[in-house]
Amino acid sequence: MDIKIEKSWKQVLKQEFEKDYFHKLVDFVKSEYKNYQIFPKGKDIFNAFSQCPFEDVRVVIIGQDPYHGENQAHGLCFSVSEDVKIPPSLKNIFKEIKNDIGKEIPKSGNLERWKGVLMLNSILTVRKSKASSHKNIGWEVFTDAVIKIISEKKENIVFLLWGAYARKKGEIINKEKHLVLESVHPSPFSAYSGFFGNKHFSKTNDFLKCKNLSTINW
């Protein structure tokens, strides 16, 4: 199957694209785009991969499913398109970055500037105003395969798992080869129970430095 995805990912995920579940997933998603308003735009479904080729991955952040409001989602977990109001969880991420490494809170919530970070939602599409509407159609199987491939084929990756959903998703990661940092979700409902003060951003860069890898410009 010819999937329009960044070339290095196309290579490592080649076998996944030929599996039955993925063919069914593509058919379902195409039908949804024809009949409903779906986010993100079709061209942005695999944007996380375009922004972070396989060979560039140093950090993986795992989210759940895309924002389901108008113009928000653009294919990267927690990130929003330019000129869109910064959502509460992302505000809290920026607050923790400021507290942790002293970087001022930016005006834009577009995280494409975080080079070397794969911002991977578990589910890559959603119907407008219906959170989790594309749950259990096959995306979770696909993104599990992505995480497994990164875990098996790469070394010294930092995985940031925020909240119970991401921690569960990350159970397939080989913790002997990679650094896995876990905390509660940055949502306003939980951020004060352990997200604030987790220092994941400085810990990530300390680990990368220690392995003689480029740090992330948060």
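For the structure, check the block above.
So, a few notes on the structure that sits alongside this text.

Procedures and definitions
- Residues numbered from 1 in each chain as written.
- Predicted model: local features only at pLDDT ≥ 70, side-chain atom pairs only at ≥ 80, totals over all residues.
- Heavy atoms only, no water.
- Helix = DSSP H or I, 4+ residues; strand = E, 2+ residues; numbered from the N terminus.
- Rg over C-alpha atoms; globule rule 2.2 N^0.38 Å.
- Buried < 20%, exposed > 50% of the residue type's maximum accessible area, 1.4 Å probe, protein only.
- Contact = heavy atoms within 4.5 Å.
- Areas by Shrake-Rupley, 256 points an atom, 1.4 Å probe, with all protein chains shown as cover.
- Lys, Arg positive; Asp, Glu negative; His and termini not counted.
- Charge placed at Lys NZ, Arg CZ, Asp CG, Glu CD.
- 1 Å grid on protein atoms, 1.4 Å probe; cavity = no way out; pocket = protein on both sides within 12 Å on 5 of 7 lines; lining within 4 Å.
- Points joined across faces, edges and corners; volume = space filled by probe spheres on them.
- Nonpolar A, V, L, I, M, F, W, Y, C, P; charged D, E, K, R; others polar.

Considerations on the overall build of the chain
Along the chain, the regular secondary structure elements total eight helices and six strands. Relative to its length of 218 residues, the chain is compact, with a C-alpha radius of gyration of 17 Å against a globular reference of 17 Å. Seen along its three principal axes, the alpha-carbon backbone of the chain occupies a region of about 45 × 35 × 25 Å. Out of the 218 residues belonging to the chain, those deemed buried represent 53%. Put simply, of all contacts in the chain between residues at least 6 apart along the chain, 64% involve residues at least 24 apart. Working note: accessible area of the chain is about 10,900 Å², and carbon and sulfur atoms make up 49% of it. Side-chain charges in the chain split into 35 positive and 26 negative, and the spacing between the mean points of these groups amounts to 3 Å.

Describing the layout of surface pockets
Considered as a void within the structure, the largest pocket measures approximately 570 Å³ in volume. Looking at the largest pocket, it is lined by 32 residues, and the ones nearest its centre are Gln64, Asp65, Tyr67, Phe78 and His185. Residue assignment for the lining of the largest pocket shows that the elements contributing at least two residues are strand E2 (59-63), helix H5 (88-101) and helix H7 (164-169). At three residues, H7 tops the list of elements feeding residues into the lining of the largest pocket. For the lining of the largest pocket, the residue count by class is 18 nonpolar, 13 polar and one charged. When its volume is computed, the second largest pocket comes out at roughly 360 Å³. As for the second largest pocket, its lining consists of 15 residues, of which Ile3, Lys4, Gly42, Ile45 and Phe46 are closest to the centre. Ranked by residues supplied to the lining of the second largest pocket, first place goes to helix H3 (residues 20-35) with six residues. Grouping the constituent residues of the lining of the second largest pocket by class yields nine nonpolar, two polar and four charged.

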